[in-house]
Amino acid sequence: MSIQILMPALSPTMTEGKLSKWVKKEGDAVKAGQVIAEIETDKATMEVEAVDEGVIGKILVPEGTEGVAVNTPIAVLLEEGEDAADAASAEPVEVASSPCSMPACPPQAAAPSHAPVQTVVDIDEEKFFKNVQTMTVREALRDAMAEEMRRDGDVFVMGEEVAEYQGAYKVTQGLLQEFGDKRIIDTPITEYGFAGLGVGAAFAGLKPIVEFMTFNFAMQAIDHIVNSAAKTLYMAGGQLGCPIVFRGPNGPASRVGAQHSQCYASWYGHVPGLKVIAPWSGADAKGLLKSAIRDPNPVVCLENEIMYGQSFEVPTDPEFVIPLGKAKIERAGTDVTITAFSRMVGVALAAAERLAEEGISAEVINLRTIRPLDVETIANSVRKTNRLVSVEEGWYFAGMGAELAAQMMEVCFDDLDAPVTRVYGADVPMPYAANLEKLALPQEEDIITAAKKVAYAA
Amino acid sequence: MAKPTSPAGKAKLQTVTAASNVATPEQMLQFYKDMLLIRRFEEKAGQLYGMGLIGGFCHLYIGQEAVVTGVQSVLQPKDSVITAYRDHGHMLACGMDPKGVMAELTGRSGGYSKGKGGSMHMFSREKNFYGGHGIVGATAPLGIGLAFAHKYRGDGGITTAYYGDGAANQGQIYESYNMASLWKLPIIFIIENNKYGMGTSQKRHAAGDFLKRAEGFDIPGEKTDGMDVLAVRSAALKVVEHVRGGEGPMVLEVSTYRYRGHSMSDPGKYRSKEEVEDMREHHDPIEHIRKTILDGGKMTEDAFKPIDKEIKAIVNEAAEFAQTSPEPDPSELWTDVLL
Ligand SMILES: Cc1ncc(C[n+]2csc(CCOP(=O)(O)OP(=O)(O)O)c2C)c(N)n1
Ligand SMILES: [Mg+2]
């Protein structure tokens, strides 16, 4: 049977082109891969190669023809034993469009802008607080890792100074002694490399905990967090998960200057395929990190250096795990909702205390998980208080506050009695000077001012 | 630190050539089939692209078939494989179904990633093929992660991580060399040196010698002719022995050539027609093995015909499937984001 050679699309955008030259003539034998013609596309002159073996029986489009649409038959190729008569019947045909190139496909019905929200089963947290131990956030994080490592041999920790030095911030203290150097691994200072290593190991089914000395340095590794860890499950059609935790201190510490003081919540929160948590208290730290380690997805755990040394009551039950995707109402109130995460939860609680003295009842919500964000808990609170103040240490532009404002408009616009108001870090690189640093970061007073403003009490 | 025991120092001077008894006649015929399948598959993909059935980026492997065929011929099923975006050949060489690969190229539900990955992103847990990655250089750290898992589990498996001459300039490659050597990870870094990273020739993009760079990390290397599947196999046998023996990583630099443009829309202005023509006419890996088989006297020209037909049929069947498999259901948009 003779084969029609069609005008090929030689670039993703080409719809027609000029058949500038025939390299083979009628009667010539061609082999697969041989150049038969030259075509000028919208971008360049390119060669057309034969895909099948045979003899050029008839040229349907003469050289020099402009505007030949993609998929128009341009020649007839005869297979072994055929003669030109077989080709004679072939007539030039207009092929309207490609069978299913992207633009030709019918447009789909307007899709929702984000995936359906997964329901998260909450726990009875009170129950776990019957048996508690006072410990620092640092110890809570360490215990979370140690307990999960005892439970699952596939869990291991790697990062700079995590083993022999016992952690740059002493979070991994004692782990090397208990688990040995097979599972607690000191890496060279090579974030891009060891983040990628962790992701590869997770593809193979291990459960790495990759510690970044701080998240500022994870910018070297963000390619693997986003491109390799977050996207592969989707690109693999669900075949290949990536059970990994990236953890370390995030956000401003104290007087460390611009390159060491930055909040990445909205950066990672932006990425589908990632979960992002930001613990505040010791219980948060332990319960959330344990959940993160057990979670089959990549989780970014944004800790805070200043919080490491603070003590809290932490449940002792090793089955105390906090579900990812659930916020916690830390203080109930009726007049204004204040959301915060990480260190700012404590600042918001202090502000709420003072607001109470002035007769304003603030409800403080600890977001705990940045992604998936617990919109329901926040919206329910706003339905009650009709006001929202969002607090974060990061920059405002495309920040968490911007996201919260948008989400509240989408889900409970009619319940808002005041514009959602944002409290955030100053829109500058972090200054070093003590007074300037204080000015750059949200303070209790800023939250109080914002709360009064939305409550029209200023 | 101990000096590398293996012939790293000499490797840059010497290229591993085909050992005389490196493959039986049956194996040679298998290599011919394997390479021909890749060649015909890629030609068909090029054709489907021309018909608008495949979109976006599509990087063909034509010319480089002997590299993956030779290397895979010495691996075991438990070994892991990872490569970049020029990945169709690797998937076929790993034994993945041509139908599933082609249907992924056309973005259909029967594709390996249900149409959600495309030409550059396919995976098979079953075949230990870990993609299919679009970021140049990423296969090195991801590869040492796979190798780390083999070592952690003590399962005796090794990893082959493929990347190009252009990728060899990425910093993450050297971060990976360092950790792989420090921790003696069972990995073979395979540089598919086709002389160009897109439109930039090796002369213009890479200083020094690739294997010398590895030497700095105490990683021994070998060079071989990637247009000769038996040479590749000979080199791979040597390298695999070292790596599987727990001696740590090795680099295998394979000299090869891609006949087609970097991707479908590359007019190829950076190299002469004569250069490409010379490689096709005088160094084609498939012709080379065919000739070796014929010279061996065990097969005649005619005996190849049914084989060529059989391969063509497999590819046509794949193309047919890739066009008839339905597009993914719109609900698939929302699945596989999280587990
Ligand atoms: C980090 C990154 N930079 C740039 C690109 C765009 N790009 C894709 S392939 C390529 C050339 C790579 O050449 P090489 O590694 O030699 O592989 P080959 O294409 O020759 O197989 C470039 C620059 C990319 N995908 N990733
Ligand atoms: Mg190259």
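For clarity, every value in this text was computed on a predicted model and none was experimentally measured. (Residues numbered from 1 in each chain as written. Chains lettered and ligands numbered in written order. Predicted model: local features only at pLDDT ≥ 70, side-chain atom pairs only at ≥ 80, totals over all residues. Heavy atoms only, no water.)

## Thoughts on the overall build of chain A
Along chain A, the regular secondary structure elements total 14 helices and 22 strands. Computed over C-alpha atoms, the radius of gyration of chain A comes to 31 Å, more than 25% over the 23 Å expected from 2.2 N^0.38 for 458 residues, which places it beyond the range of a compact globule. Counting only C-alpha atoms and orienting by the principal axes, one finds that chain A spans roughly 95 × 60 × 45 Å. Taken over 458 residues, chain A has a buried fraction of 56%. A separation threshold of at least 6 residues defines the contact pool for chain A, and within that pool the share at least 24 residues apart is 76%. (Helix = DSSP H or I, 4+ residues; strand = E, 2+ residues; numbered from the N terminus. Rg over C-alpha atoms; globule rule 2.2 N^0.38 Å. Buried < 20%, exposed > 50% of the residue type's maximum accessible area, 1.4 Å probe, protein only. Contact = heavy atoms within 4.5 Å.)

## Concerning the site of ligand 1
Residue and element names in this part refer to chain B. Close contacts around ligand 1 come from 15 residues, with Tyr85, Arg86, Gly134, Gly166 and Ala167 the closest. Interatomic distance of 2.8 Å between a side-chain N/O atom of tyrosine 85 and an oxygen atom of ligand 1. Between an oxygen atom of ligand 1 and a side-chain N or O atom of aspartate 165, the distance comes to 3.0 Å. In isolation ligand 1 has 590 Å² of accessible area, and contact with the protein removes 71% of it. Of the residues in the shell around ligand 1, the class split is 6 nonpolar, 7 polar and 2 charged. (Near = heavy atom within 4 Å. Polar contact = N/O pair within 3.5 Å; in protein donor to acceptor, adjacent residues only side chain to side chain. Areas by Shrake-Rupley, 256 points an atom, 1.4 Å probe, with all protein chains shown as cover. Nonpolar A, V, L, I, M, F, W, Y, C, P; charged D, E, K, R; others polar.)

## Some remarks on the pairing of strand S7 (residues 221-225) of chain B
The side chains of a regular strand alternate, first on one face of the sheet and then on the other. Burial analysis of S7 of chain B places 4 of its 5 residues in the buried class, which makes it a mostly covered element. Regarding the hand of the β-α-β motif, the stretch spanning S7 of chain B, helix H10 (residues 229-244) of chain B and strand S8 (residues 250-255) of chain B is right-handed. (Right-handed = clockwise from strand over helix to strand, strands pointing away.)

## Here we look at the side chain of serine 234 of chain B
Mapping serine 234 of chain B onto the fold places it in helix H10. Beyond its immediate sequence surroundings of up to four residues, serine 234 of chain B is in contact with Val16, Thr17, Ala18, Ala19 and Val22 of chain B.

## Some details on the coordination of the magnesium ion (ligand 2)
Angles at a metal have ideal values that depend on geometry: 109.5 degrees with four tetrahedral donors, 90 or 180 degrees with six octahedral donors. Residues and elements named next belong to chain B. Protein coordination of the magnesium ion (ligand 2) is provided by Asp165 (OD), Asn194 (OD1) and Tyr196 (O), with donor distances spanning 2.1 Å. Positions of the donor residues of the magnesium ion (ligand 2), expressed as sequence spacing, correspond to D-x28-N-x1-Y. Placement of the pair is aspartate 165 in the loop between strand S3 (159-164) and helix H7 (171-182) and asparagine 194 in the loop between strand S4 (187-193) and strand S5 (196-197), with a sequence separation of 29 residues. The same class applies to aspartate 165 and to asparagine 194, which are both buried. (Donors = N, O, S within 2.8 Å, 3.2 Å for Na, K, Ca; no water.)

## Observations regarding helix H3 (residues 137-151) of chain A
Taking 1.5 Å of rise per residue, the 15 residues of H3 of chain A would be expected to cover 21 Å, and the 21 Å separating its terminal C-alpha atoms lies within 8% of that figure. Residues of H3 of chain A that are buried: Val137, Ala140, Leu141, Ala144, Met145, Ala146, Glu147, Glu148 and Met149 of chain A. (Expected span 1.5 Å × (residues − 1).)

## Focus on the domain arrangement of chain A
Per the domain assignment, the segments of chain A are domain 1 (3-88), domain 2 (125-315) and domain 3 (328-454). For domain 1 of chain A and domain 2 of chain A, the distance between their C-alpha centroids amounts to 57 Å. (Domains from an automatic or database assignment.)

## Digging into the packing of aromatic side chains
Centre distance and the angle of the planes are the two values used to describe a pair of aromatic rings. The full count for this structure, using the stated rule, is 21 aromatic pairs over all chains. Where phenylalanine 128 of chain A meets phenylalanine 320 of chain A, the ring centres are 5.3 Å apart and the plane angle is 55°; that geometry is what we call tilted. Of the two residues, phenylalanine 128 of chain A sits in helix H2 (residues 125-128) while phenylalanine 320 of chain A sits in the loop between strand S16 (311-315) and strand S17 (328-331), which places them 192 residues apart along the sequence. On the accessibility criterion, phenylalanine 128 of chain A (12% relative accessible area) is buried. A residue is classified by how much of its surface remains accessible, and phenylalanine 320 of chain A, at 0% relative accessible area, is buried. With 5.1 Å between their ring centres and 80° between their planes, tyrosine 174 of chain B and tyrosine 177 of chain B make a pair best called edge-to-face. With a gap of 3 residues between them, tyrosine 174 of chain B and tyrosine 177 of chain B both fall in helix H7, about one helical turn apart. With relative accessibility at 16%, the residue tyrosine 174 of chain B sits in the buried group. By relative accessible area, which is 0% here, tyrosine 177 of chain B ends up buried. Clustering of aromatic rings is evident, with ring pairs tying together Phe194, Phe212, Phe215, Phe246, Tyr264, Trp267 and Tyr268 of chain A. Against the face of phenylalanine 128 of chain A rests lysine 127 of chain A, its NZ or CZ located 5.0 Å from the ring centre. (Phe/Tyr/Trp six-rings, centres within 6.5 Å; stacked < 30°, edge-to-face > 60°. Lys NZ or Arg CZ within 6 Å of the ring centre and 35° of its normal.)

## Some words on the interface of chain B and chain A
The interface is formed by 60 residues belonging to chain B together with 79 residues belonging to chain A. For the pair chain B and chain A, the two sides together bury roughly 5,500 Å², of which 61% comes from carbon and sulfur. Contact with chain A buries surface across chain B, with Tyr152, Trp334 and Leu339 of chain B losing the most and accounting together for 14% of the total. Across the salt bridge formed by lysine 312 of chain B and aspartate 52 of chain A, the nearest N and O atoms sit 3.8 Å from each other. Within the residue set of the side of chain B that touches chain A, elements represented by two or more residues are helix H2 (25-50), helix H6 (139-153), H7, helix H11 (273-282) and helix H13 (301-324) of chain B. Sorting elements by how many residues they give to the side of chain B that touches chain A places H6 of chain B first, with 9 residues. Within the side of chain B that touches chain A, the residues separate by chemical class into 27 nonpolar, 14 polar and 19 charged. (Buried area = accessible area lost by both parts, 1.4 Å probe. Salt bridge = Lys/Arg side-chain N within 4 Å of Asp/Glu carboxyl O.)

## Describing the sheet that holds S7 of chain B
All names here are of chain B. A sheet is described by the order of its strands in space; here 6 strands give the open sequence S2-S1-S3-S4-S8-S7, paired in parallel fashion. Two strands bound the open sheet, and with one partner strand each, they are strand S2 (129-132) and S7. Going across the sheet, the axis of each strand differs from the next one's by a mean of 15°, ignoring polarity. Here S4 pairs with S8 via 6 bridges, running parallel. Following the sheet pairing, isoleucine 188 is matched in S8 by methionine 250. Sheet strands touched by H6: strand S1 (80-83), S2, S3 and S4. Its angle to S3, the strand with the most contacts, is close to 175°. (Pairing = 2+ DSSP bridges. Axes fitted to C-alpha atoms, helices over the stretch in contact; angles between N-to-C directions.)

## Side note on the nonpolar core
Membership of the largest hydrophobic core comes to 87 residues, with the highest contact counts inside it found for Phe212, Phe246, Tyr268 and Met408 of chain A together with Tyr177 and Phe189 of chain B. Among the elements that make up this core, the one with the highest residue count is H6 of chain B (8 residues). Contact partners of tyrosine 177 of chain B, with chain neighbours within four places excluded, come to Tyr163, Phe189, Ile191, Ala214, Phe217, Ile219 and Val251 of chain B. Membership of the second largest hydrophobic core comes to 73 residues, among which are Val74, Val232, Tyr259 and Ile289 of chain B. (Core = buried A, V, L, I, M, F, W, Y, C linked by side-chain atoms within 4.5 Å.)

## Examining the side chain of serine 263 of chain B
Residue and element names in this part refer to chain B. Along the chain, the position of serine 263 falls in the loop between S8 and H11. We classify serine 263 as buried; its relative accessible area is 9%. The residues contacting serine 263, other than those within four sequence positions of it, are Phe57, Cys58 and His59.

## Examining the pattern of salt bridges
Residue and element names in this part refer to chain A. A full pass over the atoms with the stated rule returns 45 salt bridges over all chains. Among the salt bridges present, the one from glutamate 148 reaches lysine 290, with a minimum N-O distance of 2.8 Å. Here glutamate 148, found in helix H3, pairs with lysine 290, found in helix H9 (residues 282-294); they are 142 residues apart in sequence, far enough to count as distant. Judged by its relative accessible area of 1%, glutamate 148 falls in the buried class.

## Concerning the sheet that holds strand S1 (residues 3-6) of chain A
Residue and element names in this part refer to chain A. Here 4 strands make up an open sheet; going across it, the order is S1-S8-S6-S3 and the pairing antiparallel. Two strands bound the open sheet, and with one partner strand each, they are S1 and strand S3 (29-30). As defined by bridge partners, strand S6 (residues 54-59) adjoins strand S8 (residues 73-78) across 4 bridges and the pair is classed as antiparallel. Bridge pairing in S8 places isoleucine 56 opposite leucine 77.

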